[in-house]
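So the chains spell out like this:
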Amino acid sequence: MRTVELLCSPELEEAVRAAWDRLAAAGLPSLARNTHATNRPHLTLAAVDEFPPGAEQRLADLCDAALPLPARLDRVEVLDGSAPLVWLVRPAPQLVALHGAVWDVLATAPGPQPWHAPGRWVPHLSLALRFRDADRRRARALAGVERPRGEFVAARSYDSESRTVSELASTCPRS
């Protein structure tokens, strides 16, 4: 599977990582325990089995033109009752427009994952992948007291087969 993901500005990433740490310290599920080199706070715009020919460059151009985007976190929720614990992202108009444009580029991609599709997408930053709804109140008290703001400043694609990422766009100077 290939994804299109937006990465957080340093201050927003720090706020999310601090929430991961608070959850882990309290003995709750947390992405702080995922030590893979690619693990970092991100907003997934799309996931498909593979990119169609030429899509990666078109996505990079699209993200380069759109970034940075404002980001404001909202409440902490458990999606689907007993699944990911997430920090919802308030969808600014620019973010919604980028999301739609990404799906336009991927219109012919095989295996689109429906939970990211326009009309079904719930913009969020994940805090834990498997979480019991019964612990939601405690998690909110630990993780979601504040409503951090920042920006989405870079885009990447994750390849689940190779477990690697490739940069799509960045507002930071490239080295």
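Residues numbered from 1 in each chain as written. Predicted model: local features only at pLDDT ≥ 70, side-chain atom pairs only at ≥ 80, totals over all residues. Heavy atoms only, no water.

1. Regarding the confidence of the model for the protein chain
Next up, step 1: Per-residue confidence for the protein chain gives a mean pLDDT of 90, with 95% of residues at or over 70.
Next up, step 2: When mean pLDDT is compared element by element in the protein chain, helix H3 (residues 93-105) scores highest at 97, while helix H4 (residues 136-143) scores lowest at 83. (pLDDT = per-residue confidence, 0-100. Helix = DSSP H or I, 4+ residues; strand = E, 2+ residues; numbered from the N terminus.)

2. Quick look at unusual backbone geometry
Next up, step 1: Cis geometry is found at the peptide bond from Leu-67 to Pro-68, where omega equals 0°.
Next up, step 2: The residue Pro-68 is located in the loop between helix H2 (55-66) and strand E3 (69-78) in this model.
Next up, step 3: In this model, Arg-163 sits at a positive phi of 55°, which is unusual for a non-glycine residue.

3. So, the packing of helix H1 (residues 10-25) against H4
Next up, step 1: Running from N to C, H1 and H4 cross one another at 130°; their axes reach a closest spacing of 9 Å. Taken together, H1 and H4 sit at an angle that is classed as oblique. Remark: the crossing between H1 and H4 carries right-handed chirality. Of the residues in H4, those in contact with Ala-19, Arg-22 and Leu-23 of H1 are Ala-139, Leu-142 and Ala-143. (Axes fitted to C-alpha atoms, helices over the stretch in contact; angles between N-to-C directions. Parallel < 35°, antiparallel > 145°, perpendicular 65-115°, else oblique. Left-handed = near helix turned anticlockwise from the far one by under 90°. Contact = heavy atoms within 4.5 Å.)

4. Details of the pattern of salt bridges
Charged atoms that come close allow side chains of opposite charge to pair.
Next up, step 1: Tallying each qualifying case throughout the model produces eight salt bridges.
Next up, step 2: Arg-90 is the salt-bridge partner of Asp-74, the closest N and O atoms lying 3.5 Å from each other. Taken together, the positions of Asp-74 in strand E3 and Arg-90 in the loop between strand E4 (85-89) and H3 put the pair 16 residues apart, joining distant regions of the chain.
Next up, step 3: The structure contains a network of salt bridges with shared partners spanning Glu-13, Arg-17 and Arg-40. (Salt bridge = Lys/Arg side-chain N within 4 Å of Asp/Glu carboxyl O.)

5. Looking at the environment of Glu-77
Next up, step 1: Residue placement: Glu-77 occurs in strand E3.
Next up, step 2: Judged by its relative accessible area of 12%, Glu-77 falls in the buried class.
Next up, step 3: Put simply, Glu-77 and Leu-127 are 50 residues apart on the chain and 9.7 Å apart in space, counted from C-alpha to C-alpha.
Next up, step 4: Glu-77 has contacts with Pro-84, Leu-85, Val-86, Leu-88, Arg-136 and Arg-140, leaving out every residue within four places of it along the chain.
Next up, step 5: At 2.8 Å, the side chain of Glu-77 forms a polar contact with the side chain of Arg-75. (Buried < 20%, exposed > 50% of the residue type's maximum accessible area, 1.4 Å probe, protein only. Polar contact = N/O pair within 3.5 Å; in protein donor to acceptor, adjacent residues only side chain to side chain.)

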